[in-house]
Amino acid sequence: MANLSKLAHSQRFYWRSAVVAIGLLLLFDLLTFGLAEGLWFNSVQYLSVYWLRLQTQVGLGAVAFLGSLAFAIANLSQAQRFSFDDYCVLPRAENLRQGLGLKGLLPLATGLALGMAILLLYHSQLALDRWHTRRTVASSLPPLPLWLNWQTGQQIVQQMLEQPWQLGFLVGVTLLLLIYPRAIATVGALAMSLSFGLVFSEQWSRLLPALNPTVFNQADPLFERDISFYIFRLPVLELVEFWLSGLLLFCLMAVTLLYLLAGNSLSQGRFIGFSSEQQRHLYGLAGGLLLATALSHWLTRYELLYSTQGVTYGAGYTDVAVDLPVNTGLSLISLGLAVAMLWRTTFWKSSIARWSYGSRPLIAAILLYLTFTAVGETVAPWLVQRLLVQPNELIRERPYIARSIAFTRDAFNLTDIQDEVFDPQGQLSFQDLRENELTIGNIRLWDTRPLLEANRQLQQIRLYYEFADADVDRYQLTREDGSTERRQVLISARELNYERVPDEAKTWVNQHLIYTHGYGFTMSPVNTAAPSGLPDYFIKDIGHIPSDPIIARSIPIGAPRLYFGELTNNYIMTSTKVQELDYPSGSDNVYTTYDGRGGINIGPFWRRLLYAKHLSDWQMLFTNDFTPATQLLFRRNIRDRITRIAPFLQFDRDPYLVIANTQPFPDEPYESGVGTPDQPSPNYLYWIIDAYTTSDRYPYADPGSNSFNYIRNSVKVVVDAYHGSVRFYIADPDDPIIQTWARLFPGMFQPLDQMPPALVRHIRYPQDYSLVQSNQLLTYHMTDPQVFYNREDQWRAPNEIYANEEQVVEPYYLIMRL
């Protein structure tokens with residue numbers, strides 16, 4: 001016995017040591033990650049944004065992790081106290097006639113173990129996904145418990161068929177739970193708690209707006225709640241329901257399994273029954289789970305506003321007449337059962353024998369609830385929809401169609417679109433042409449696609465340069481007499497794409513120290529072509545020689561280096577002992593050293609060590625090319641850069657390059673300027689990106705093919721292509737979502753009137769926003785419910801033939817007046 005005791009003590013010691021070691025490694029990983037990210041946010045001057053976010057993430061994660069772990073361990077410890085080994089079956093005739101035999105015990109215990117294994121697999125995947133990706137924005141959460149979510153159950157089965165190792169995981173964990181229920185349940189509690197902690201930490205962008213939401217001053221017609229409740233508060237309530245349901249379901253299954261397997265019941269082939277203490281414990285957990293289920297049904301009432309079962313989006317006749325009262329009733333039934341079970345947990349005294357089989361009331365209550373659920377949520381809606389609604393669909397659904405039309409138009413800002421009748425007569429006079437010189441002078445001959453092909457043949461210069469995109473914009477050209485002319489142009493940035501460097505030259509030094517930036521751009525008028533049929537350039541070649549004095553006077557050029565862009569996907573180190581390739585010049589190359597304000601100083605060894613781990617690049621520790629002034633520039637892709645700072649926004653697919661002198665007093669000439677560390681080179685290249693506030697919780701608003709059903713072009717983002725600085729400007733101050741974020745992060749968002757005037761002149765209506773609105777307008781220009789129901793005036797987007805293939809016409813920019 002002494003040896004067995006020592007062995008058990010030794011096993012516990014090793015288990016605890018392993019858990020502590022894993023915990024310390026995870027904590028070290030989190031601390032280094034947080035410090036590295038904090039230094040980066042400080043370099044882009046958004047440390048206060050990161051600090052508030054980090055505080056929220058750590059607080060949410062700690063509450064969820066520690067709260068879940070404490071609750072689970074407390075229940076497992078209580079189950080262990082109520083499951084002493086002296087509860088084993090005595091070989092008496094009355095004992096052999098009580099409880100469950102092996103035929104009932106084995107499938108019940110196996111089913112519980114399998115259910116726990118599925119929960120652990122599901123939550124382990126959630127935890128690993130969030131740990132590896134370090135998500136910065138909340139993702140959608142499937143509702144729990146899993147046994148009420150058929151869709152998630154089907155996904156798990158499909159994943160097991162596609163990835164057989166998951167099936168092996170389930171079988172292995174199930175067997176381990178049957179053999180070592182206490183140890184594996186404890187490990188499972190730790191895994192579940194870690195999953196909840198990571199999920200909650202990820203949901204910071206849902207919690208913060210819910211603490212101080214901005215009202216919309218508009219209520220939904222069914223529950224008469226302000227729309228801010230659905231946008232800000234409902235997702236947080238669903239998160240709480242997700243947590244409580246999952247945690248209570250796991251604990252109930254684990255505790256039940258421990259009680260079933262106590263006293264070697266499986267090996268003896270008989271389970272006598274639950275003691276009164278065990279029954280009270282199980283009643284308490286079941287009551288808590290039913291409380292969470294009652295909350296789930298209550299929240300489902302609000303989710304009817306996003307129903308798709310009717311003729312239109314949102315709550316229809318069947319949802320209001322059947323699903324709403326059914327979910328209300330199920331919520332009240334669940335609440336009543338929960339109160340009854342919790343009452344029995346606290347006040348009930350068992351009058352039956354100590355080992356009587358006492359789980360039948362729990363099973364009966366669950367069966368009763370499931371019966372109501374099956375009838376109320378499946379059979380009744382099906383019958384009402386087919387017998388009452390479909391024969392009289394227009395009459396029944398008319399008020400709900402009107403709601404969907406009104407709310408969809410409002411959610412996509414279609415109500416602000418001005419309708420005008422255009423009746424072309426086909427009769428143009430010379431006077432008409434003179435009065436519309438701006439339109440006539442900017443008739444487009446060039447599309448972005450053939451221009452890019454020409455650029456790649458004529459202006460790419462070297463294989464490692466690439467023109468990723470061509471952007472349409474308009475510029476004021478100043479003549480010698482001071483008069484101006486607005487011209488529409490196509491601008492394409494010459495970025496450096498390291499993937500195109502020859503394989504023989506792909507060394508660590510070249511990738512991170514020498515090939516650091518792109519150089520320059522081309523500018524072409526949209527309405528002219530060269531005599532050869534090729535593009536006519538205002539600015540071209542690596543020397544960026546303006547085509548005439550008007551262009552030289554109007555377009556600032558300077559040293560057009562692009563350290564931040566759409567193709568700058570690798571991190572670099574500047575101010576090293578190695579000079580950077582600036583641009584090719586004949587058979588030689590011109591070299592430079594970055595003197596901008598971007599980057600993080602990694603001169604100190606501890607910073608090099610920190611970022612070697614953060615970027616998984618240990619060569620940073622062994623290179624001799626670094627100096628005390630060496631700067632690390634990472635997250636240089638402008639989309640990654642702005643998404644990391646403001647992950648709660650959605651960004652347009654097409655950032656566009658703007659050439660502008662944002663200084664109040666222009667330096668002359670534009671071409672001059674080689675800077676020093678104290679006075680960096682002047683930069684005239686900026687990226688402008690349109691940003692959107694979106695939500696998928698706007699009542700009655702049809703999302704169409706989008707993942708959201710509310711959108712506003714609320715923010716314009718400006719990124720300096722040389723220094724990497726990022727500025728956010730509020731373009732729609734009436735949007736309640738951006739008002740909420742502006743209050744949460746004071747100083748992050750600036751009014752649009754603070755944007756430099758030279759950049760304001762280049763703001764445009766976003767193409768993605770126009771496309772989303774246009775697609776919605778195809779159907780939701782119909783405001784009469786009967787016309788909408790009949791689809792009498794359904795529009796469709798026009799088609800065009802491009803490269804001998806038919807395709808839908810995409811939005812494009814013109815300077816014109818009808």
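Conventions used here
- Residues numbered from 1 in each chain as written.
- Predicted model: local features only at pLDDT ≥ 70, side-chain atom pairs only at ≥ 80, totals over all residues.
- Heavy atoms only, no water.
- Helix = DSSP H or I, 4+ residues; strand = E, 2+ residues; numbered from the N terminus.
- Buried < 20%, exposed > 50% of the residue type's maximum accessible area, 1.4 Å probe, protein only.
- Contact = heavy atoms within 4.5 Å.
- Areas by Shrake-Rupley, 256 points an atom, 1.4 Å probe, with all protein chains shown as cover.
- Polar contact = N/O pair within 3.5 Å; in protein donor to acceptor, adjacent residues only side chain to side chain.
- Patch = residues over 30% accessible without salt bridge, like charges linked within 9 Å, V, L, I, M, F, W, Y side chains within 5 Å.
- Salt bridge = Lys/Arg side-chain N within 4 Å of Asp/Glu carboxyl O.
- Expected span 1.5 Å × (residues − 1).
- Bend = angle between axes of the 7 residues up to and from the residue.
- Pairing = 2+ DSSP bridges.
- Arc of directions from axis to C-beta.
- pLDDT = per-residue confidence, 0-100.
- Phe/Tyr/Trp six-rings, centres within 6.5 Å; stacked < 30°, edge-to-face > 60°.

Digging into the overall build of the chain
Here comes step 1: Helix and strand counts for the chain come out as 25 helices and 23 strands.
Here comes step 2: Per-residue burial over the chain gives 50% buried out of 818 residues.
Here comes step 3: Considering only residue pairs separated by 6 or more positions, the chain has 75% of its internal contacts joining residues 24 or more positions apart.
Here comes step 4: When the accessible area of the chain is evaluated, it comes to approximately 39500 Å², of which 58% is carbon and sulfur surface.

Observations regarding the side chain of Thr-408
Here comes step 1: Along the chain, Thr-408 turns up in helix H14 (residues 393-411).
Here comes step 2: Exposure remark for Thr-408: the relative accessible area of 0% places this residue in the buried category.
Here comes step 3: Within the structure, the side chain of Thr-408 is placed 3.4 Å from the backbone oxygen of Tyr-700, a separation counted as a polar contact.
Here comes step 4: Excluding anything up to four places from it in sequence, Thr-408 contacts Tyr-700, Ala-701, Asp-702, Gln-776 and Tyr-780.

Overview of the environment of Val-809
Here comes step 1: Secondary-structure assignment places Val-809 in the segment after strand E23 (805-808).
Here comes step 2: You can call Val-809 partly exposed: its relative accessible area is 25%.
Here comes step 3: Counting along the chain gives ten residues from Val-809 to Asn-799, while the straight-line C-alpha distance between them is 5.4 Å.

Remarks on a nonpolar patch on the surface
Here comes step 1: Judged by side-chain polarity, Leu-167, Val-171, Leu-175, Leu-176, Ile-179 and Tyr-180 come together as a nonpolar surface patch covering roughly 580 Å² of accessible area.
Here comes step 2: One can find Leu-167 in helix H6 (residues 164-179).
Here comes step 3: Of the residues examined, Leu-167 reaches a relative accessible area of 46% and is grouped as partly exposed.

Considering the pattern of salt bridges
Here comes step 1: Counted according to the given criterion, the structure contains 19 salt bridges.
Here comes step 2: A salt bridge links Arg-500 to Glu-466, with the shortest nitrogen-to-oxygen separation between them at 3.4 Å. On the criterion of sequence distance, the pair formed by Arg-500 in the loop between strand E5 (484-496) and helix H18 (508-514) and Glu-466 in strand E3 (residues 465-467) is long-range, its members being 34 residues apart.
Here comes step 3: Looking at Arg-500, the relative accessible area reads 38%, which means it is partly exposed.
Here comes step 4: Between Arg-479 and Glu-485 there is a salt bridge, and its shortest N-O distance comes to 3.3 Å.
Here comes step 5: The exposure class assigned to Arg-479 is partly exposed, which follows from its relative accessible area of 31%.
Here comes step 6: Residues participating in the shared-partner salt-bridge network are Arg-444, Asp-447, Arg-449 and Glu-800.

What to know about helix H12 (residues 317-347)
Here comes step 1: In this model H12 runs 44 Å from its N-terminal to its C-terminal C-alpha over 31 residues, within 8% of the 45 Å that 1.5 Å per residue would give.
Here comes step 2: Of all the bends in H12, the largest measures some 35° and sits at Asp-323, one to four residues before the proline Pro-325.

Considering the pairing of E23
Here comes step 1: The sheet contact formed by strand E22 (residues 799-802) and E23 spans four bridges and is antiparallel. Across the sheet, residue Asn-799 finds its bridge partner in E23, namely Val-808.
Here comes step 2: Counting the residues in the hairpin turn of E22 and E23 gives two residues, including Ala-803, whose phi is positive at 55°.

Things to note about H6
Within an α-helix, residues lying three or four positions from one another point in the same direction, as the helix has 3.6 residues per turn.
Here comes step 1: Compared with the 22 Å implied by 1.5 Å per residue over 16 residues, the 23 Å span of H6 between its first and last C-alpha is a close match.
Here comes step 2: Those residues of H6 not exposed but buried are Gln-166, Leu-170, Val-173, Thr-174, Leu-177 and Leu-178. Across the axial projection of H6, the buried residues extend over an arc of 135°, all falling on one side. Facing away from the buried surface of H6 by more than 90 degrees, the exposed residues are Pro-164, Trp-165 and Ile-179.

With respect to the confidence of the model for the chain
Here comes step 1: In the predicted model, the chain carries a mean pLDDT of 85, and the fraction of residues at 70 or more is 88%.
Here comes step 2: A low-confidence stretch, residues 141-148 (pLDDT under 50), is modelled with 31 contacts involving residues beyond four sequence positions or located in other chains.
Here comes step 3: Within the model, the stretch residues 665-677 combines pLDDT values under 50 with 24 contacts to residues more than four positions away or in other chains.

A few points about the packing of aromatic side chains
Here comes step 1: A full pass over the atoms with the stated rule returns 36 aromatic pairs.
Here comes step 2: Note on Phe-229 and Tyr-230: the rings are 5.1 Å apart at their centroids and 80° apart in plane angle, and the pair reads as edge-to-face.
Here comes step 3: Exposure remark for Phe-229: the relative accessible area of 11% places this residue in the buried category.
Here comes step 4: Between Phe-229 and Tyr-302, the aromatic rings sit 5.1 Å apart at their centres with planes inclined by 65°, giving edge-to-face as the arrangement. Here Phe-229, found in helix H9 (residues 227-261), pairs with Tyr-302, found in helix H11 (residues 276-303); they are 73 residues apart in sequence, far enough to count as distant.
Here comes step 5: A relative accessible area of 6% means that Tyr-302 is categorised as buried.
Here comes step 6: Taken together, the aromatic side chains of Tyr-46, Trp-204, Phe-648, Phe-728, Trp-741, Phe-745 and Phe-749 make up a single cluster linked through ring pairs.

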